[in-house]
Amino acid sequence: MITKISEVIENGLCCNCGACEGICKTDAIELRIDHQKKEYTPVIDETKCNNCNLCYAVCPGHCVNYHELNEFFFKKQPSDVLIGNYLNCYLGYVSDDNVRFNSSSGGLVTGVLIYALDKGIIDGALVTRMSKENPLEPEPFIAKTPEEIMEASQSKYCPVPVCKLLKEILASDYNKLAVVGLPCHIQGIKNAEMINKVFREKIVLNIGIFCSHNDNFWQTTSLLDRWGIKPGEVHEIHYRGEGWPGNMTVKLKNGEKKSIPYSRALSQHVLWINAIHRCLFCPDLTAELSDMSFGDPWIPEIMENETKGQSLVVCRTKKAEKILSEALSDGYIHLSNLSSEMVKKSGYMMESKKKDIKVRLLIRRLFGKKLPEYKTPLQRPGFKNYLRAIFVYFQVVLSSKRSLQGFMVKLSLLETKLLGGK
Ligand SMILES: Cc1cc2nc3c(=O)[nH]c(=O)nc-3n(C[C@H](O)[C@H](O)[C@H](O)COP(=O)(O)OP(=O)(O)OC[C@H]3O[C@@H](n4cnc5c(N)ncnc54)[C@H](O)[C@@H]3O)c2cc1C
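Trainee: Residues and numbers for the nonpolar core, please.
Mentor: Ala125 and Ala178 are the most contacted members of the largest nonpolar core, which has 110 residues in total. Considering each element in turn, this core owes the most residues, eight residues, to helix H6 (residues 108-118). Ignoring anything within four residues of it in the chain, the contact list for alanine 178 reads Leu113, Ala116, Ile122, Ala125, Val204, Leu205 and Ile207.

Trainee: Quick one: what's the story with the sheet that holds strand S14 (residues 333-338), residue by residue and with numbers?
Mentor: Taken together, eight strands build an open sheet; the order of strands is S6-S5-S7-S8-S12-S13-S4-S14 and the sheet is mixed. A single partner strand is all that each edge strand has here, and the edge strands are strand S6 (138-143) and S14. Neighbour to neighbour, the strand axes of the sheet diverge by 25° on average, direction disregarded. Of the pairings in the sheet, the one linking strand S4 (residues 88-94) to S14 comprises six bridges and is antiparallel in character. Within the sheet, the bridge partner assigned to glycine 92 lies in S14 and is leucine 335. Contacting S4, strand S5 (124-130), strand S7 (177-181), strand S8 (203-209), strand S12 (292-295), strand S13 (311-315) and S14, H6 runs over the sheet at an angle of about 85° to S4. Along the sheet face, helix H15 (residues 318-329) touches S4, S12, S13 and S14 and points at about 125° away from the line of S14.

Trainee: If you had to explain unusual backbone geometry to someone new, which residues and values would you point to?
Mentor: Put simply, tryptophan 244 and proline 245 share a cis peptide bond, and its omega is -10°. Mapped onto the elements of the fold, proline 245 is located in the loop between strand S9 (234-238) and strand S10 (247-252). Even without a glycine there, the phi angle at aspartate 27 is positive, about 55°. Within the element layout of this structure, aspartate 27 appears in the loop between helix H2 (19-23) and strand S1 (29-34). The exposed category is assigned to aspartate 27, around which 11 C-beta atoms lie within 10 Å. One non-glycine residue, asparagine 51, lies in the positive phi region at around 55°. Locating asparagine 51 in the fold gives a position in the loop between strand S2 (39-44) and helix H3 (54-58). Accessibility expressed as a C-beta count within 10 Å gives 8 for asparagine 51, which makes it exposed.

Conventions adopted
- Residues numbered from 1 in each chain as written.
- Predicted model: local features only at pLDDT ≥ 70, side-chain atom pairs only at ≥ 80, totals over all residues.
- Core = buried A, V, L, I, M, F, W, Y, C linked by C-beta atoms within 7 Å.
- Buried ≥ 20, exposed ≤ 12 C-beta atoms within 10 Å, placed from the backbone.
- Helix = DSSP H or I, 4+ residues; strand = E, 2+ residues; numbered from the N terminus.
- Contact = placed C-beta atoms within 7 Å.
- Pairing = 2+ DSSP bridges.
- Axes fitted to C-alpha atoms, helices over the stretch in contact; angles between N-to-C directions.

All quantities given are derived from atomic positions and should not be read as evidence of function.
The following block contains the structure:
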């Protein structure tokens, strides 16, 4: 069992969420980019550390106690193993065409946040934009205006330490905040809410983003490399936007603009070649601990001719249900009902997260490595899950050796062809 944050780091289980830095009262931890691993890593200043172990308590890298968290926040265990506790599922999009065009899917996250801000349900939202000073680095921040919320729309396929802003939340005058994050961010936030009621009071809405896995910084730089772009030449990067599924766009300092379709730009993302190592062991695709979570509807029968974009919604709490229905009746968003079965049709990853993970944990144990703990039901893996889990595990491990990357891309394409994929 892992007992302190330094062991999380040593065991390669840091998910880059930033909760350890955000909770630390003595500023003894700082997330810095490790240029070897191309991920963030928490750097601990032992002279400032008072051994309170709060960093360990909030860290989702070593443990997510779904049983306890579900009981505490939802007052029940989920009846649906794949998507967690939920009340209703929807498909929808933001009414503002401009917001929709510039978002990842249907712009619902941005639309719901703007509605909540306009109506005084929140006084700010913790969201993420790309930094102006370092355009290839993300910048989580608290947005206070609709313009700032819009500036943060679109998915960022790079590590983002959202939870390091827990510190700012605690110190700020904000009393009604929304937080937007990937499943690991929401886990870190919920862990913090469990141990400190000030977070529970100040954070009134947790918005989750579906996530099969996230990529390290190498993913972006290797893509730029293929286009012949040096990182220093980049003025602005957009991983999504320009309709659905959209384009990845890079604006250069010399004024040039390069753009390629999402499907081509992110083919490597789908292949796990540059995945953050900890993502291998995450069982949560739909941000099960959030109030509502949003994803891309990869459902051919619905999205075949879609070019403007729609977002999938899993609504989990009454509070979220009320916000969605009021935003709908006030004309901010469009929504239609969707069965949970259709949500589950959106990509094989939802099921594989609950099955392949079991195999990956087994492989990890075989190598004598410490395991993250989850108190959540995982499903019994089948033959296909074993094969895929082994492929993906070795893909991630071997592709950390850059010289093997070309070979790994070919192997991954073969895996996708044989076993299916997004
Ligand atoms: C790394 C990653 C992996 C994903 N994997 C899947 C998947 O497997 N299946 C699926 O259906 N959907 C996945 N998504 C979600 C999808 O890309 C859209 O984000 C989602 O559908 C919401 O779209 P939207 O148009 O409603 O959001 P928008 O209106 O565009 O708003 C997006 C919001 O997400 C926040 N955000 C963006 N990137 C990050 C990040 N990296 N960390 C924290 N916050 C962020 C932004 O600040 C913004 O508020 C993934 C997203 C990311 C970032």
